[in-house]
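# Examination of the molecular architecture
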Amino acid sequence: MNGLHAIIEAHGPIAHLNATELVALMRSAAQAAGATVLQSYAHEFGPGFGNTGVVLLAESHISVHTWPENDYAAFDIFMCGQISLDRAINTLRAACPNSTLHTQILTRGHARPNLQQQAPIVLARMLLSDQALRQTWLAHTSISARELEPAVTELVRFLLRCSQANKTLEPPPRVKALWREFVLCTQSYEAFCTQYLSHFIHYTHTPLASLIDHSPA
């Protein structure tokens, strides 16, 4: 068994959906991902006290618990097999565009060697679902539409390495072009750093031999 697990911290209107709406949303997310829905259930704790719910899948589950009094909802998506986790996450985002979703993606189980590489692909596809950002990359870099997904995946891997090393590294040329345009889309870039990285990764021309160390003194 192996799979990807998304832990989602959500703030905003999504925390105020009722039990029926939450189940419908989770079922839609599962179907968008290509998962098989088995059963679903939700419990309401009364007016103003939130809901808890779960959608059981042949590939595992999607669950949620909401605290409307805190404007907060906790989603959990775990799916194994040939599914599209990014489509499930994007379904939640699209349903409540005024909500803020912070996502962590973990690998679970006896993972194949390449499973660790799937998390960057999920994040890259989420970025490419932003049509404005996609068009910016196509218009201002020499990367073709066919090569854009693998190139953005390479960018995501690079930024994750910087985050894990707590250092800003010098990227390969193709990544640098994408990174420069990403930084100029300031709101999207700031949101990505906040949601998926340990700190804001500053764009730099620093050569590889001279790394910028962001470790605390």
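First, a word on scope: everything that follows refers to the structure included in this document. All residue numbers refer to position in the chain's written sequence, counted from 1. In keeping with the predicted nature of the model, local features appear solely for residues at pLDDT of at least 70, side-chain atom pairs appear and are counted solely at 80 or more, and the whole-chain, interface and lining totals rest on all residues. The side-chain quantities take in all heavy atoms of the structure and omit both hydrogens and water.

Pairing analysis gives six bridges linking strand β3 (residues 51–57) to strand β4 (residues 60–67), with the strands arranged antiparallel. The residue bridging Gly-53 from the neighbouring strand is Val-64, located in β4. Hairpin geometry of β3 and β4 is characterised by an intervening segment of two residues between the two adjacent antiparallel strands. Each pair of strands is called paired provided DSSP finds at least two bridges between the two strands. Numbered from the N terminus, helices here are DSSP runs of H or I no shorter than four residues, and strands are runs of E no shorter than two. Of the pairings in the sheet, the one linking β4 to strand β5 (residues 72–80) comprises eight bridges and is antiparallel in character. Residue Trp-67 lies in a different strand from β5, and its bridge partner there is Tyr-72. Taking the residues that link successive antiparallel strands as the turn, the β4-β5 hairpin has four residues, and the phi of Asp-71 there is positive, at about 60°.

Of note, the phi angle at Ser-60 is positive, near 130°, even though the residue is not glycine. Here Ser-60 lies in strand β4. Burial status follows relative accessibility: with a 1.4 Å probe on protein chains alone, a residue under 20% of its type maximum counts as buried, one over 50% as exposed, and anything between as partly exposed. Look at Ser-60 and you get partly exposed, because its relative accessible area is 24%. Positive phi outside glycine occurs at Asp-71, with the angle close to 60°.

Time to look at the packing of helix α4 (residues 131–140) against helix α6 (residues 173–184). Between two packed helices, both the angle of their axes relative to each other and the distance between the axes serve to describe the pair. Angles shown run from 0 to 180 degrees and are taken between the N-to-C directions of axes, each axis being a line fitted to C-alpha atoms and, for helices, limited to the stretch in contact. For the pair α4 and α6, the least separation of the axes is 10 Å and the interaxial angle reads 130°. The angle between the axes of α4 and α6 places the two elements in the oblique class. Note on packing geometry: the crossing formed by α4 with α6 is right-handed. Between α4 and α6, the residues in contact are Leu-133, Thr-136, Trp-137 and His-140 and Leu-178, Arg-180, Glu-181 and Phe-182, respectively. Of the residues assigned to the contact of α4 with α6, the class counts are four nonpolar, two polar and two charged. Note on terminology: angles under 35 degrees are roughly parallel, angles over 145 are roughly antiparallel, angles of 65 to 115 are roughly perpendicular, and the others are oblique. Helix crossings are classified by the rotation of the near helix relative to the far one: an anticlockwise turn of less than a right angle makes the crossing left-handed, while a clockwise turn makes it right-handed. Contacts between residues were defined by any pair of non-hydrogen atoms, one from each residue, lying within 4.5 Å. Any residue outside Ala, Val, Leu, Ile, Met, Phe, Trp, Tyr, Cys, Pro, Asp, Glu, Lys and Arg is labelled polar, Gly included; the first ten of those are nonpolar and the last four are charged.

The residue His-102 is located in strand β6 (residues 100–109) in this model. Among all residues touching His-102, those that are not within four sequence positions of it are Ile-7, Ile-8, Glu-9, His-11, Thr-194 and Gln-195.

This next bit is on α6. Helix span, as expected, comes to 1.5 Å for every residue beyond the first. In this model α6 runs 17 Å from its N-terminal to its C-terminal C-alpha over twelve residues, within 8% of the 16 Å that 1.5 Å per residue would give. The set of residues buried in α6 consists of Val-175, Lys-176, Ala-177, Leu-178, Trp-179, Glu-181 and Phe-182.

For α4, the set of buried residues is Leu-133, Thr-136 and Trp-137. Down the axis of α4, the sector holding all buried residues measures 95°, keeping them to one side. Looking at α4, the residues exposed on the side facing more than 90 degrees away from the buried face are Ala-132 and Ala-139. The definition of a polar contact used here is a pair of N or O atoms within 3.5 Å, where within protein one atom must be able to donate a hydrogen and the other to accept one, and adjacent residues in sequence count solely through side-chain atom pairs. One side-chain oxygen of the residue at the start of α4 lies 3.1 Å from the amide nitrogen of Ala-132, identifying that residue as Asp-130. Picture the helix axis, draw a direction to every C-beta atom, and the arc is the one those directions span.

Viewed as axis vectors pointing N to C, α4 and helix α5 (residues 145–165) meet at an angle of 105°, and their least axial separation amounts to 11 Å. Relative to α5, the element α4 is oriented roughly perpendicular. Between α4 and α5, the residues in contact are Arg-134, Trp-137 and Leu-138 and Ala-145, Leu-148, Val-152 and Leu-155, respectively. A breakdown of the residues in the contact of α4 with α5 according to their chemical character gives six nonpolar, no polar and one charged.

Let us look at the nonpolar core. To form a nonpolar core, buried Ala, Val, Leu, Ile, Met, Phe, Trp, Tyr and Cys residues must be joined to one another through side-chain atoms within 4.5 Å. Residues Phe-75, Ile-77, Trp-137 and Leu-159 are the most contacted members of the largest nonpolar core, which totals 60 residues. Among the elements that take part in this core, α5 stands out by supplying nine residues, more than any other. When sequence neighbours within four positions are dropped, the list of residues in contact with Ile-77 reads Leu-4, His-5, Ala-6, Ile-8, His-61, Ile-62, Leu-85, Ala-88, Ile-89 and Leu-92.

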